[in-house]
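Structural features, examined
As a plain string of letters, each chain reads:
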Amino acid sequence: NCVDNQSIRSIYKNAYLNREQSQINQNLHRHNFIFVGRLIPFKNLPVLMEAFQEALAQTKARNWGLILLGDGEQKVELEKIVSENGFKQITFLPSVGWKEVPTYLALADVLVLPSYSEPWGLVVNEAMACGMPVIVSERCGCAPDLVQNQRNGIIINPYSGKELANALASFMDGSYSIHEMGRVSEKIIEEYTPQIVAKEMYEGFKLSSQAKGK
């Protein structure tokens with residue numbers, strides 16, 4: 001439930017310096033939502049893509065895109081859905097190693113993890129370490145601990161496409177401040193470092209051992 005926040009933030013900040021040119025080079029929009037992970041059914045990506053199209057229609061936004069970063073068994077199906085339905089402003093990018101993920105997060109503004117199920121969801125930690133707001137499914141293990149609803153992100157029901165569309169639209173139309181939510185994300189994630197978590201685990205083991213000794 002923790003990552004190396006400092007290293008991730010450093011890579012992100014260096015990449016962000018070239019954000020605009022990198023977006024141009026990869027034919028991306030000025031603002032983007034990003035999903036990072038395997039392209040597989042329980043990630044709920046068809047609903048995400050449809051919700052994004054609905055949010056576009058709601059807001060008439062032309063400067064927002066959706067990036068799907070990853071590979072997986074569902075990729076061909078997802079590309080077919082985009083083609084057959086004429087979905088707009090969606091970009092597929094191939095999977096990268098974890099050290100490169102912050103470079104791609106720098107191309108986006110809000111992380112979306114709409115999964116039907118996740119034991120935790122470490123990419124949420126990574127995005128928050130980069131100072132990003134997050135939209136996270138209530139079925140992700142990290143949601144209760146990391147997402148303060150409407151403060152650093154939005155918790156959604158993954159079975160409600162309308163709820164997800166409204167969450168996306170709220171960023172697109174400026175209802176929420178990306179900058180302010182990102183600052184809250186950074187503050188929350190400061191408590192989730194390997195050092196702090198290791199210390200808490202040690203204290204827990206120590207208390208458990210003392211209780212058994214009695």
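Everything here concerns the structure above.
Residue numbering note: each chain is counted from 1, following its sequence as written. Restriction of local features to residues with pLDDT of at least 70 applies here, the model being predicted, together with a cutoff of 80 or more for giving and counting side-chain atom pairs; totals for whole chains, interfaces and linings are based on all residues. With hydrogens and water excluded, all non-hydrogen atoms of the structure serve as input to the side-chain values.

Before going further, it helps to spend a moment on the environment of N5. To qualify as a helix, a DSSP run of H or I must reach at least 4 residues; to qualify as a strand, a run of E must reach at least 2; elements of each kind are numbered from the N terminus. Secondary-structure assignment places N5 in helix 1 (residues 5-16). Buried residues are those whose accessible area, probed at 1.4 Å on protein chains only, stays under 20% of the maximum for their type, while exposed residues exceed 50% and partly exposed ones sit between those limits. On the accessibility criterion, N5 (4% relative accessible area) is buried. Separated by 122 residues in sequence, N5 and A127 have C-alpha atoms that sit 9.6 Å apart. The contact rule is simple, with two residues in contact once any of their heavy atoms fall within 4.5 Å. Setting aside chain neighbours within four positions, we find N5 in contact with A129, I189, E190, Y192 and T193.

This part covers the packing of helix 3 (residues 45-59) against helix 8 (residues 161-172). Contact geometry for helix 3 and helix 8: axes closest at 8 Å, N-to-C directions at 50°. In terms of orientation, helix 3 lies oblique with respect to helix 8. The two elements helix 3 and helix 8 cross, and the hand of that crossing is right-handed. Across the interface between the two elements, V47, L48, A51, F52, E54, A55, L56, Q58 and T59 of helix 3 pack against G161, K162, L164, A165, N166, L168, A169 and M172 of helix 8. Looking at the contact of helix 3 with helix 8, its residues break down into 11 nonpolar, 4 polar and 2 charged. Where helices are involved, their axes are fitted lines through C-alpha atoms of the stretch in contact, as for all axes, and angles between N-to-C directions lie from 0 to 180°. Here roughly perpendicular refers to angles of 65 to 115 degrees, roughly parallel to angles under 35, roughly antiparallel to angles over 145, and oblique to all remaining angles. Should the near helix be turned anticlockwise from the far one by less than a right angle, the crossing is termed left-handed; should it be turned clockwise, right-handed. All residues other than Ala, Val, Leu, Ile, Met, Phe, Trp, Tyr, Cys, Pro, Asp, Glu, Lys and Arg, Gly among them, are scored as polar; the first ten of these are nonpolar and the last four charged.

Now for the pattern of salt bridges. By salt bridge we mean one thing: a side-chain nitrogen of Lys or Arg within 4 Å of a carboxyl oxygen of Asp or Glu. Summed over the entire model, instances satisfying the criterion amount to 6 salt bridges. The closest approach of N and O atoms between R9 and E186, which form a salt bridge, is 3.0 Å. Of this pair, R9 sits in helix 1 while E186 sits in helix 9 (residues 178-189), and the two are 177 residues apart along the sequence. The partner of D71 in a salt bridge is K75, with the nearest N and O atoms 3.2 Å apart.

The next thing to look at is the sheet that holds strand 5 (residues 134-137). Two strands are counted as paired when DSSP detects at least two bridges linking them. The sheet built from 6 strands is open, its strands ordered 3-2-1-4-5-6 with parallel pairing. Two strands in the sheet have a free side with no partner beyond their single neighbour: strand 3 (90-93) and strand 6 (153-156). Neighbour-to-neighbour, the strand axes of this sheet turn through a mean angle of 20°, independent of strand direction. By the bridge criterion, 4 bridges tie strand 2 (residues 64-69) to strand 3 in an arrangement that is parallel. Bridged to L66 within strand 3 is I90. Its contacts with the sheet place helix 8 against strand 1 (31-36), strand 2, strand 4 (110-113), strand 5 and strand 6, and it is angled at close to 170° to strand 6.

Axis separation between helix 6 (residues 122-129) and helix 9 bottoms out at 8 Å; the angle between their running directions is 115°. Considering the relative orientation of helix 6 and helix 9, their crossing is left-handed. In this structure, helix 6 uses N125, M128 and A129 to contact helix 9, whose residues at the interface are S185, E186, I188 and I189. Of the residues in the contact of helix 6 with helix 9, the class split is 4 nonpolar, 2 polar and 1 charged.

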